[in-house]
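# Tertiary structure, described
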Amino acid sequence: MNEQRSNNNKKNYVIFALICVGLVILFNAVLLPAVKKAQIKETNYSFFLKQLEAGTITQAEIKDDTIVFEVEDDGDSQLYSTVKIEDPDLVNRLHDNGQIDFTGKIEHENPIVSFLFAWVLPIVLMIVLWNVLMRGMSKRMGNSMAFGKSNAKIYVKAQTGKTFSDVAGQDEAKEALEEIVDFLHNPDKYAEIGANLPKGALLVGPPGTGKTLLAQAVAGEANVPFFSISGSEFVEMFVGMGAAKVRDLFKQANEKAPCIVFIDEIDTIGKKRDGQLGGNDEREQTLNQLLTEMDGFDGKKGVVILAATNRPESLDPALLRPGRFDRRIPAELPDLAGRESILKVHAVKIKTEPDIDFNAIARATAGASGAELANIVNEAALRAVRNGRQTVTQSDLEESVEVVIAGYQRKNAVISQKEKEIIAYHEIGHALVAAKQKDSAPVHKITIIPRTSGALGYTMQVDEGEKFLLTKEEALARIATLTGGRSAEELIFGTYTTGASNDIEKATKLARAMVTRYGMSNGFDMVALETVTNQYLGGDASLACSPETASKIDEEVNSIVHSSHEKAKKLLSDNLDKLHELAKYLLDKETITGEEFMDILNKDPSPAAV
Ligand code: ADP
Ligand code: MG
Ligand code: ZN
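A brief structural summary. Quick caveat: nothing in here was measured; it's all calculated off a predicted structure.

## Concerning the pairing of strand 11 (residues 443-447)
For strand 11, the buried fraction is high: 4 of the 5 residues fall into the buried class. Bridge analysis of strand 11 against strand 12 (residues 458-461) gives 4 bridges, and the strand direction is antiparallel. Each residue of the ladder has a partner; that of I446, found in strand 12, is T459. Pairing geometry for strand 11 and strand 15 (residues 591-593), over 3 bridges, is antiparallel. Considered in strand 15, the bridge of K445 is made with T593.

## Re the site of ligand 1
Taken together, 16 residues lie near ligand 1, and A168, G208, K211, T212 and H346 sit nearest. Within the backbone of T209, an N or O atom sits 3.3 Å from an oxygen atom of ligand 1. In the model, a nitrogen atom of ligand 1 is placed 2.8 Å from a nitrogen or oxygen of the H346 side chain. Taken together, the elements giving at least two residues each to the shell around ligand 1 come down to helix 8 (211-222), helix 13 (336-347) and helix 15 (370-386). Across the shell around ligand 1, the residue classes tally to 7 nonpolar, 7 polar and 2 charged.

## Here we look at the coordination of the zinc ion (ligand 3)
Surrounding the zinc ion (ligand 3) are the protein donor atoms H426 (NE2), H430 (NE2) and D503 (OD), at 2.0 to 2.1 Å. Between consecutive donors of the zinc ion (ligand 3), the numbers of intervening residues give the motif H-x3-H-x72-D. Linking H426 in helix 17 (residues 417-435) with D503 in helix 19 (residues 501-516), this pair joins segments that are 77 residues apart in sequence. A relative accessible area of 6% places H426 in the buried class.

Thresholds applied
The residue numbers shown here count from 1 along each chain, following its written sequence. Here the convention is simple: chains get letters from A, ligands get numbers from 1, in the order in which they are written. Per-residue local features of the predicted model are confined to residues with pLDDT of at least 70, and side-chain atom pairs are confined, for both listing and counting, to 80 or more; whole-chain, interface and lining totals are unaffected and use all residues. Side-chain measures here rest on the full set of heavy atoms in the structure, leaving out hydrogens and waters. Using a 1.4 Å probe on the protein chains alone, a residue whose accessible area is under 20% of its type maximum counts as buried, one over 50% counts as exposed, and one in between counts as partly exposed. Secondary structure elements are defined from DSSP: runs of H or I of at least 4 residues count as helices, runs of E of at least 2 residues count as strands, and each element is numbered from the N terminus. Pairs of strands are assigned from DSSP output, requiring at least two bridges between the strands. The near set for a molecule or strand comprises every residue that places at least one heavy atom within 4 Å of it. Two N or O atoms count as a polar contact when they lie within 3.5 Å, although within protein this holds only if one can serve as hydrogen donor and the other as acceptor, and sequence-adjacent residues are included solely when both atoms are side-chain atoms. Think of it as three bins: nonpolar holds Ala, Val, Leu, Ile, Met, Phe, Trp, Tyr, Cys and Pro, charged holds Asp, Glu, Lys and Arg, and polar takes everything else, Gly as well. Distances up to 2.8 Å from the metal define which N, O and S atoms are donors, and 3.2 Å serves for Na, K and Ca; water is absent from the atom set, so sites may look incomplete.

Shown next, in the form of structure tokens:
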């Protein structure tokens, strides 16, 4: 590996030396004579003769067509040059004037100074210029000018400062990683029984679930050198450099064994090689090198490779075969208990009131990742500071959940009374439909304060416990709830607004999944009509059926949404007086809790309304 690197270096030095020599020659041939010329005054032949007669010339150099002579005047000497005129007496005249040294070449400069000017100065200038250029370039191109030097950072225990206690939840992942840490601590225990530990483990999961954090915690626990590099750092300006970096990384790791090598975002280099024209050659070379290196080293030596990705399906199958990344460690989105403990881990770092109900916050954040929960805790602390408080309260946390879900409150948004009314009826429509169906989650909060995300109001529903399955009834109830907002607008104002676009999107997505993936429609049996392509990043799906089936799917989706919409409208028109009462109340208060909502809904109709 060093061969290639030093070859590269040699080439660069040769080029540098050539440029230097060229410039020095240029300097001597063009610049110096020009400088010299400036020191010599041009004059005419009669001036020369006059000075000769006056006896002030001390030296003269006779060239083919010019005469250069030195005139001394009051101690100053000045060089002159004149055109040589055909003058047979010249030599005699010079000879008569005994003091003139007319055969010698005039030494009109200090030899040391001229040497410095001609040779040293240009080289010094070149070196300065080279350094400035290199610095500018390496700034622009990151470390790629380091010519194949790996910039894997070595982490040791004190540096990451993270241990398994910083990672909440993720018990399965921690257990799998603990085994690796144990192997690095006592390799003999495993060698005695003849067990080989996996060479590589791949951490997979959605963004923000703590994959990088887990790897750092392993470094903290393992007490061995920890090399960390991100996949994108292998992708270089110069072809071949990525592969050189891989070689370098593994060489370093082998020297430091036992140790851990962590490659974050491995999908940047580990994508499937598709062999298509115009494919990324550089990436494929890097990947090939990685595969070779993984096969090349001795598993018993104690080099363990960890990698993290949120796109495992895009990885090259060769990476995943036994002997390479043969162990897969999932880092899933946290469940209710996981969310609660993540909130607690992060709340330790901030000052909170003693009686915070983390379970309530965890219930309100179904589907949030560890990174989002960490963000929620931090937002709560920021809010406390903004309000001039010393500690974080429950309401700080509750408000910051909404900030993370829907953005900040837009306090100065100007919304007309008419529009506010529509929004209030819309939100109560959602809440009322939810409350009147037995299969939907309880209403937690309703608000019509607009948010920076563009939401003009929203209804928050929070399940009591953790749900892992969704029944067909619950799915239908959810779609009906989503259509509740538009249904209320239709019933009360007899018109349609754009406010329901987000509801429509969500309802369609769910209804579509019911038909194509969950087998919950009337027209199709348990047939997979769509396959999920990007499990951890949004879960996009692509159709896998004939065009005729596709149009049938569209019909099914439409009929599911349509019947749910009808059901919502019926529920609302049956409870029209409650709809009016609740909407007026919300319009007045702007934000109401689930309890306030249920109180009004459950109290006996007031005499006036009967
Ligand atoms: P990714 O899976 O995308 O690599 P990170 O490991 O970078 O996610 O997580 C980002 C941040 O989220 C972490 O620095 C940490 O603060 C927080 N976090 C994520 N998961 C957890 C967890 N299980 N316990 C505690 N904090 C977590
Ligand atoms: Mg990461
Ligand atoms: Zn809505």
